[in-house]
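Topology and contacts: notes
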Amino acid sequence: MDIDKKYKEIQEVYLTQNKPFVIGFSGGKDSTAVLQLVWTALLQIKDKLKNPVYIVSSDTLVEIPKVINYVDKTLEKIKESALREGLPFYVEKVVPDIRESFWVNVIGKGYSAPTRLFRWCTDKLKIKPTNKFVKEKVSNYGEVIVVLGIRSSESVNRNKSIKNNSIEDSLFLRHNSLKGALIYPIIRDWDVEDVWDYLLKNPSPFGIDNRDLFALYKQANAGDCPVIVELKEGSESSSCGNSRFGCWTCTVVEKEKSLSSLIENGEKWLKPLQEYRQFLLESSKKPELREYKRRNGKIYIKNGKLYKGGFKLEFRKVLLKKLLETEKKVGIKLIRDEELLEIRRIWIQDDADWGNSLNKIYKKVYGKEFKKEALNFAFKEKDKKYLHPLIIKLVNAIENFSNDKNLLISRIEKILKEDWLEEDEVLKLLDINTKNIKTKDFNNASFSKKQIKILIELENLLLTIKEKYGNKKFKNQDKIIENINKAENLINLYKSNQKTANKKCVA
């Protein structure tokens with residue numbers, strides 16, 4: 001491992017390519033080694049530096065607190081050192097779009113916890129935010145060099161990926177999805193001992209102590225890391241370098257290691273996070289907590305089996321309450337206010353949460369309202385026991401989208417394309433015992449004049465849509481007309497019951 005030769009290679013790439021560098025920095029051993037290599041190499045040609053070097057750190061918003069604290073402190077030192085040295089190194093921290101954050105997906109939309117087969121988290125939480133940043137730089141500069149700490153020896157899959165994307169007679173790899181971005185894998189041929197050997201023998205040029213990083217890996221690896229001074233000189237024991245710091249919520253593996261090891265090595269305050277993660281993992285395996293329909297409103301049956309959708313709203317409320325209680329126990333923010341606002345919006349607009357449950361849950365845990373906003377819905381939570389789910393969703397659309405007529409009609413059409421068999425009807429089709437299913441009593445509805453007015457407004461909108469689909473041939477036409485008829489029949493039932501109720505009142 002000739003370090004001086006590696007420095008020369010980096011300098012040559014920087015000067016000949018004449019493109020900005022984008023370094024992916026997680027704070028782990030590999031990305032720290034890569035950043036230190038680039039920093040030291042470019043510091044030697046300081047007077048020739050023209051193109052910026054962007055250090056991009058991705059925060060999933062569910063990182064292990066001790067790890068993200070270390071990363072944040074490291075980023076601050078990098079900023080200070082770059083300013084002091086007059087280097088064109090710029091730190092950028094990227095986070096997921098709030099609409100795609102972990103908690104918005106799980107608690108807001110009802111996504112089940114990620115698994116090996118349904119690993120939705122990596123793309124939403126890490127890849128998209130970083131790719132968005134790279135795309136912006138490609139747009140500004142035309143092309144960029146993405147510097148990554150990937151190594152062939154990490155795994156069989158990593159080695160295969162590097163080989164498949166290699167460019168013949170080149171130091172670079174092709175980027176799978178981003179045009180204008182070349183990947184420069186500086187340490188592709190290093191093994192884990194090379195990484196620690198470099199970090200522990202060469203002091204950090206940007207103000208951190210690499211032994212602190214080594215200690216963090218040791219603590220997160222149940223103390224199995226040997227204290228290595230001369231890593232490349234006869235040490236056959238494996239270092240702690242194969243540890244990975246992931247999200248504290250990670251359920252892709254049945255048994256996570258980093259969080260557990262940190263707790264075992266003294267970080268007892270993290271125990272509530274471990275307990276929540278286990279609760280989420282176990283809950284994802286319970287079909288009774290899941291909706292019988294997918295989030296797109298479709299019922300998915302294959303080979304005589306019903307494949308359920310996401311978590312039911314009632315269980316999402318449990319998840320939120322437990323998360324806020326966990327947050328209170330550990331004394332640090334686990335979910336952002338912006339995420340809570342987005343979750344509340346989803347619950348109200350998509351799930352007709354007319355009782356504003358989020359505020360009530362927040363108040364129960366913290367003793368105060370989350371946001372004091374007047375949400376004055378004509379229909380209340382108590383009315384749901386009389387309303388058919390189809391009508392609930394249609395009425396909710398009027399409550400939330402009535403200011404924009406075109407948006408409202410579009411929303412109603414989308415609802416009418418959904419599958420509207422009741423859960424007990426679906427189970428009967430599959431010859432599954434339905435005796436424990438409680439069918440709602442839709443015949444005893446009694447509503448106020450304001451509520452009936454909304455139902456009449458809905459009736460008129462349905463008539464408009466029916467005329468549209470009756471005149472021309474459209475996709476899903478039969479299903480839409482069928483669901484319109486179902487909704488109209490229900491509205492007439494509610495209206496006739498209301499007349500009966502009024503007569504009783506007069507009598």
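Scroll up to find the structure this text is about.
This write-up is about the structure you can find in this document. (Residues numbered from 1 in each chain as written. Predicted model: local features only at pLDDT ≥ 70, side-chain atom pairs only at ≥ 80, totals over all residues. Heavy atoms only, no water.)

Our next topic: the nonpolar core. Ranked by size, the top nonpolar core spans 90 residues in total, and within it Phe89, Trp103, Ile107 and Trp248 carry the most contacts. Among the elements that line this core, the one with the most residues is helix α2 (residues 29-43), at 8 residues. Filtering out sequence-adjacent residues up to four positions away, Trp103 remains in contact with Val62, Gly108, Trp248, Thr249, Tyr276, Leu323, Leu334, Ile335, Glu339 and Ile343. Listed in part, the 38 residues of the second largest apolar core include Trp354, Ile452, Leu490 and Ile491. (Core = buried A, V, L, I, M, F, W, Y, C linked by side-chain atoms within 4.5 Å. Buried < 20%, exposed > 50% of the residue type's maximum accessible area, 1.4 Å probe, protein only. Helix = DSSP H or I, 4+ residues; strand = E, 2+ residues; numbered from the N terminus. Contact = heavy atoms within 4.5 Å.)

What follows concerns unusual backbone geometry. Its identity is not glycine, yet Asp169 carries a phi of approximately 55 degrees, on the positive side. Checked against the element boundaries, Asp169 lands in the loop between α6 (156-164) and β5 (173-174). Phi at Ala352 is positive, roughly 50 degrees, even though this residue is not glycine. Examined against the element boundaries, Ala352 turns out to sit in the loop between α12 (337-351) and α13 (357-366).

Counted residue by residue, strand β2 (residues 53-58) has 6 buried out of 6 residues, so it is predominantly covered. Side chains Val53, Ile55 and Ser57 project from β2 onto one buried face, and the interleaved Tyr54, Val56 and Ser58 project onto a second face that is buried too. Strand direction decides the pairing type here: strand β1 (residues 21-24) and β2, joined by 4 bridges, are parallel. Note that in β2 the partner of Gly24 across the bridge is Val56. Of the strand pairs in this sheet, β2 and strand β3 (residues 89-94) are connected by 6 bridges, and their pairing is parallel. (Pairing = 2+ DSSP bridges.)

You can see Gly110 is positioned in the loop between α4 (102-108) and α5 (121-141). Residues Gly110 and Gly309, spaced 199 residues apart in sequence, show a C-alpha to C-alpha distance of 8.3 Å. The contact partners of Gly110, leaving out residues within four places of it in the chain, are Asn105, Gly310, Phe311 and Arg316.

Across all of its chains, the model carries 28 salt bridges by this definition. Here Lys128 ties to Glu100 by a salt bridge, and the two come within 3.3 Å at their closest N and O atoms. Here the residue Lys128 occupies a position in helix α5, and Glu100 occupies one in the loop between β3 and α4, the gap between them amounting to 28 residues. Given the relative accessible area of 37%, Lys128 is considered partly exposed. Ionic pairing is found between Arg345 and Glu342, a salt bridge with its closest N-O pair at 2.7 Å. Residue Arg345 and its partner Glu342 are located together in helix α12, separated by 3 residues, close to a single helical turn. Look at Glu342 and you get buried, because its relative accessible area is 11%. One network of salt bridges, in which partners are shared, links Glu100, Asp123, Lys124 and Lys128. (Salt bridge = Lys/Arg side-chain N within 4 Å of Asp/Glu carboxyl O.)

What follows is about the packing of α2 against helix α8 (residues 210-219). Packing of α2 against α8 brings their axes to within 11 Å, and their N-to-C directions diverge by 165 degrees. By the angle class used here, α2 and α8 are roughly antiparallel. Along this stretch, α2 crosses α8, giving a crossing that reads as left-handed. Contacts between α2 and α8 involve Lys29, Thr32 and Gln36 from the first element and Asn210, Leu213 and Tyr217 from the second. The residue inventory of the contact of α2 with α8, partitioned by class, reads 2 nonpolar, 3 polar and 1 charged. (Axes fitted to C-alpha atoms, helices over the stretch in contact; angles between N-to-C directions. Parallel < 35°, antiparallel > 145°, perpendicular 65-115°, else oblique. Left-handed = near helix turned anticlockwise from the far one by under 90°. Nonpolar A, V, L, I, M, F, W, Y, C, P; charged D, E, K, R; others polar.)

This part covers the sheet that holds strand β4 (residues 144-147). With respect to topology, 6 strands assemble into an open sheet ordered β3-β2-β1-β4-β6-β5, the strand pairing being mixed. The two strands at the open ends of the sheet, each matched to only one other strand, are β3 and β5. With respect to the sheet, α5 is in contact with β1, β2, β3, β4 and β6 (181-184), its orientation differing from that of β2 by roughly 160 degrees.

Per the stated rule, a full pass over the model turns up 27 aromatic pairs. Each ring, one from Trp190 and one from Tyr198, has its centre 5.8 Å from the other, and the planes form 65 degrees; the classification is edge-to-face. Their ring planes at 45 degrees and their centres at 4.6 Å tell us that Tyr469 and Phe474 sit as a pair that is tilted. For Tyr469, a relative accessible area of 4% gives the class buried. A cation over a ring is seen here: Lys384 above Trp354, with NZ or CZ 5.4 Å from the ring centre. (Phe/Tyr/Trp six-rings, centres within 6.5 Å; stacked < 30°, edge-to-face > 60°. Lys NZ or Arg CZ within 6 Å of the ring centre and 35° of its normal.)

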